[in-house]
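# Observations on the three-dimensional arrangement
Residue-level listing of the chains:
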Amino acid sequence: MTDTTPKRRLRSQDWFDNPDHADMTALYLERFMNYGTTPEELRAGRPIIGIAQSGSDLNPCNRHHLDLAKRVRDGIRDAGGIPIEFPTHTLFENCKRPTAALDRNLAYLGLVELLYGYPFDGVVLTTGCDKTTPSALMAAATVDLPAIVLSGGPMLDGWHEGDLVGSGTVIWRSRRKYAAGEITRDEFLETALDSAPSVGHCNTMGTASTMNAIAEALGMSLTGCAAIPAAYRERGQMAYRTGKRAVELVLEDLRPSDIMTRDAFLNAIRVNAAIGGSTNAQPHIMAMAKHAGVDLTPEDWQAHGYDIPLLANVQPAGKYLGERFHRAGGVPAIMWELLQAGKLDGSCATVSGATMAENLDGRESPDREVIRTYSDPMMERAGFFVLSGNLFDFAIMKTSVISDEFRTRYLSTPGSEGIFEGTAFVFDGSEDYHTRINDPALEIDENSILVIRGAGPLGWPGSAEVVNMQPPDRLLKRGITSLPTIGDGRQSGTADSPSILNASPESAAGGGLAWLRTGDRIRINLEQGRCDMLVDAEEIARRKSEGLPEIPPSATPWQKIYRETVTQMQDGATIRGAEEFRQLSRKLPRH
Ligand code: FES
Ligand code: MG
């Protein structure tokens, strides 16, 4: 057993062992006894470790944490700590309407209150499904208690009729086949179901795997944690080690503020590019940085992420799924490549207690089919491309999913590489898109650009994954599987569409998309990073007098509060002003 003699008075002792507040101590202690806890346990100055439980029947992606938590408890106990498990606000990506994006800030708020207001010395953050990871790390940054991330891990690889079928990605691909009449509705459904063969979160490099990789890249989970499939024995062993380490973090007083530094965030941006990570990483990384008090700008994505090559051959940018990625070395093998290439800051502190470079020692990939070398990548310059212009101040494009077909069609006109123009077809929200996309009167062809607005934090509200719009069925039948798309919403991390998304400011905040009309010409210049509507200023001024496009009213109290407080996507869609509250655990709440 680890030496658990406290080197300093623990925060939890202010509740459980406080001679100045004997009456309050009695009150704080007594109800914990009613399930068999003893006063000796809680009064021995042993670190009290929270297990922030994100699993429930309502979040199947994280449900496995209900079992893993047992191994976390074992680890905490063996290291001399006392576990106290509690639920967090559920965040299940695929089912929450109108979108789980609304709930990320709500889960953040809830976790901040719990970690601040209860007698915790440290916390294990159980993560998995998309927003469970950023919301937990945002709260850990605000409260600054010693904290460690335990990913639940991806599902096993999905197979359908001998082919790998990956979460989400197979749905985007199948719906194109279904629209083109190549598969039946039943085949569509069966393929989707086959992509979910076990407990765990999405097995593609969607937002869940991306955000857990980023937690590891930041140094907030133990080495190799992110990629272990949920059903593997190593997952339970990682849970045990994570629990043990949580206690040691308290004894060493190692906190998120020591780990989540600007250098760590730049590492995370680079890792995101190398894994072909989700575009949702952009707002989530900005939000985590903001709460950590780290100055990160939209330009940092272009400056530090864009020229990083794609190293992971994993869907949606590549071929394989989570199991093979894990066996190929997972996130440490990706980071090892970046470190050798001088593209990673190896001096960053991590929850292991060692530096990132020390953690990565000997982690070279044994499988070059899945994890490529830096000098022989899947694709050069695979990071997010940052755009601006008169349609928005900021938007991103995930270059690693641009298909050869798309490149040839739009980006390779001799003499004008990277510049293309098209006619805008504008949709106000996804209902409008679904109603009208197949209307023959709407003369959409291969020179069209599909635009969706009213899909940002204010407009939806919450920001929706709707920008990866597919072309009308008649174009799909001709083999045109993607058109350029632009929107102030997001795109699923599992989508393989070259969209311009997360446009800020959004239409509902008076961004340029609000003044665009169907039939306008749009010019995209990938050389200069510009995207503009070719409409003169006078005409734009005239359209402004017509007012903003309508958005739906708030349907719940939280939607109203969310709209009153949310920032734009380029700033992480955080709660305005919440970043003023920092390192809350350093001051004790009043009795
Ligand atoms: Fe939960 Fe993808 S839907 S991880
Ligand atoms: Mg998603």
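How each quantity is defined
Residues numbered from 1 in each chain as written. Chains lettered and ligands numbered in written order. Predicted model: local features only at pLDDT ≥ 70, side-chain atom pairs only at ≥ 80, totals over all residues. UniProt positions renumbered as here; feature names shortened; annotations may be inferred. Helix = DSSP H or I, 4+ residues; strand = E, 2+ residues; numbered from the N terminus. Rg over C-alpha atoms; globule rule 2.2 N^0.38 Å. Buried ≥ 20, exposed ≤ 12 C-beta atoms within 10 Å, placed from the backbone. Contact = placed C-beta atoms within 7 Å. Core = buried A, V, L, I, M, F, W, Y, C linked by C-beta atoms within 7 Å. Domains from an automatic or database assignment. Pairing = 2+ DSSP bridges. Axes fitted to C-alpha atoms, helices over the stretch in contact; angles between N-to-C directions. Nonpolar A, V, L, I, M, F, W, Y, C, P; charged D, E, K, R; others polar. Parallel < 35°, antiparallel > 145°, perpendicular 65-115°, else oblique. Left-handed = near helix turned anticlockwise from the far one by under 90°. pLDDT = per-residue confidence, 0-100.

As annotated in an unreviewed UniProt entry, the protein chain is Dihydroxy-acid dehydratase from Celeribacter halophilus. Its UniProt record gives the protein chain the following Sequence similarities (unreviewed entry) comment, quoted word for word: "Belongs to the IlvD/Edd family."

Moving on, we come to the overall build of the protein chain. Along the protein chain, the regular secondary structure elements total 22 helices and 14 strands. Since a compact globule built from 591 residues should have a radius of gyration of about 25 Å, the 24 Å found for the protein chain is in line with a globular shape. Overall, the C-alpha framework of the protein chain stretches about 75 × 55 × 45 Å when taken along its three principal axes. Buried residues in the protein chain amount to 56% of all 591 residues. Within the protein chain, residue pairs in contact and separated by at least 24 positions form 79% of the contacts whose partners lie at least 6 positions apart.

Counting 161 residues, the largest nonpolar core has Ile 334 and Val 451 as its most contacted members. Here the element with the most residues in this core is helix 12 (residues 262–275); it accounts for nine residues. Residue contributions to this core reach at least three from each of two domains, namely domain 1 (46–157 + 197–360) and domain 3 (385–555).

Our focus in this paragraph is the sheet that holds strand 3 (residues 122–127). What the four strands build is an open sheet, ordered 2-1-3-4; its pairing is parallel. Every other strand in the sheet has two partners, leaving strand 2 (82–87) and strand 4 (147–151) as the edge strands with one partner each. The average undirected angle you get between the axes of adjacent strands in this sheet is 20°. Direction of pairing for strand 1 (residues 48–53) relative to strand 2: parallel, over a ladder of six bridges.

The buried count for strand 12 (residues 499–504) comes to six of six residues, which makes it a mostly enclosed element. Sheet topology places strand 11 (residues 485–487) next to strand 12; two bridges connect them, and they run parallel. Counted as the bridge partner of Ile 486 is Ile 500 from strand 12.

Spatially, eight strands are ordered 7-8-12-11-10-9-13-14 in an open sheet, and the strand pairing comes out mixed. Taken across any chain shown, the strands that pair with only one partner, and hence form the sheet edges, are strand 7 (384–387) and strand 14 (530–533). Averaged over all neighbouring strand pairs, the angle between strand axes comes to 25°, with direction disregarded. Inspection of the sheet shows strand 8 (residues 394–398) paired to strand 12 by three bridges, in the antiparallel sense. When the sheet's bridge partners are listed, Ile 396 is paired in strand 12 with Leu 501. Sheet strands touched by helix 14 (residues 298–305): strand 7 and strand 8. Its angle to strand 7, the strand with the most contacts, is close to 135°. Sheet strands touched by helix 19 (residues 429–436): strand 9 (419–428) and strand 10 (448–453). Its angle to strand 9, the strand with the most contacts, is close to 105°.

So, about the domain arrangement of the protein chain. Segmentation of the protein chain into domains returns domain 1 (46–157 + 197–360), domain 2 (158–196) and domain 3 (385–555). Once you take the C-alpha centre of each, domain 1 and domain 3 turn out to be 32 Å apart. Contacts between the two partners involve 22 residues from domain 1, matched on the other side by 21 residues from domain 3. Top element by residues in the side of domain 1 that touches domain 3 is helix 14. It accounts for three residues. Considered class by class, the residues forming the side of domain 1 that touches domain 3 number 11 nonpolar, 11 polar and no charged.

In this section: the UniProt feature "domain: Dihydroxy-acid/6-phosphogluconate dehydratase N-terminal" (unreviewed entry) in the protein chain. According to UniProt, the "domain: Dihydroxy-acid/6-phosphogluconate dehydratase N-terminal" (unreviewed entry) feature falls on residues 46–359. Secondary structure across residues 46–359 divides into 49% helix and 9% strand, with the first and last C-alpha atoms of the span separated by 28 Å.

Mapping Trp 301 onto the fold places it in helix 14. Considered as a pair, Trp 301 and Arg 270 are 31 residues apart in the sequence and their alpha carbons are 8.6 Å apart.

Between helix 12 and helix 16 (residues 330–340), whose axes approach to 10 Å, the crossing angle comes to 110°. Considering the angle they form, helix 12 stands roughly perpendicular to helix 16. Considering how the two elements wind past one another, helix 12 and helix 16 form a crossing that is right-handed. Here helix 12 contributes Arg 270, Val 271, Ala 274 and Ile 275 to the contact with helix 16, which in turn contributes Ile 334, Met 335 and Leu 338. The residue makeup of the contact of helix 12 with helix 16, split by class, is six nonpolar, no polar and one charged.

On to the confidence of the model for the protein chain, then. Counting all residues, the mean pLDDT for the protein chain is 94, and 98% of those residues have values of 70 or more. Interface confidence for the predicted complex, given as ipTM, is 0.89, next to a pTM of 0.96.

Turning to the environment of Glu 161, a few remarks are in order. Take Glu 161: it is sitting in the loop between strand 5 (159–160) and strand 6 (163–164). We classify Glu 161 as exposed; it has 9 C-beta atoms within 10 Å.

This part covers the environment of Asn 272. Along the chain, the position of Asn 272 falls in helix 12. For Asn 272, a count of 29 C-beta atoms within 10 Å gives the class buried. In sequence terms Asn 272 and Ala 213 are 59 residues apart; their C-alpha atoms lie 7.9 Å from each other. Aside from chain neighbours lying at most four places away, what touches Asn 272 is Thr 210, Ile 214, Gly 277, Ala 281 and Gly 305.

This part covers the packing of helix 5 (residues 101–117) against helix 6 (residues 132–143). Where helix 5 contacts helix 6, the two axes come as close as 8 Å, and the packing angle between them is 40°. Classified by the angle their axes make, helix 5 and helix 6 are oblique. Both helix 5 and helix 6 take part in a crossing whose hand is right-handed. Of the residues in helix 6, those in contact with Arg 104, Ala 107, Tyr 108, Leu 111, Val 112, Leu 115 and Tyr 116 of helix 5 are Pro 134, Ser 135, Ala 136, Met 138, Ala 139, Thr 142 and Val 143. A per-class count over the contact of helix 5 with helix 6 returns 11 nonpolar, two polar and one charged.

This part is about unusual backbone geometry. The linkage connecting Arg 97 with the following residue, Pro 98, adopts the cis geometry, with an omega of 0°. With respect to the helices and strands, Pro 98 occurs in the loop between strand 2 and helix 5. In this model, Asp 144 sits at a positive phi of 60°, which is unusual for a non-glycine residue. Looking at the secondary structure, you find Asp 144 in the loop between helix 6 and strand 4. Classification of Asp 144 by C-beta neighbours within 10 Å gives buried; the count is 21. The backbone phi angle of Arg 381 is positive, close to 40°, even though this residue is not glycine. Inspection of the secondary structure puts Arg 381 in the loop between helix 17 (356–360) and strand 7. Look at Arg 381 and you get partly exposed, because 15 C-beta atoms sit within 10 Å.

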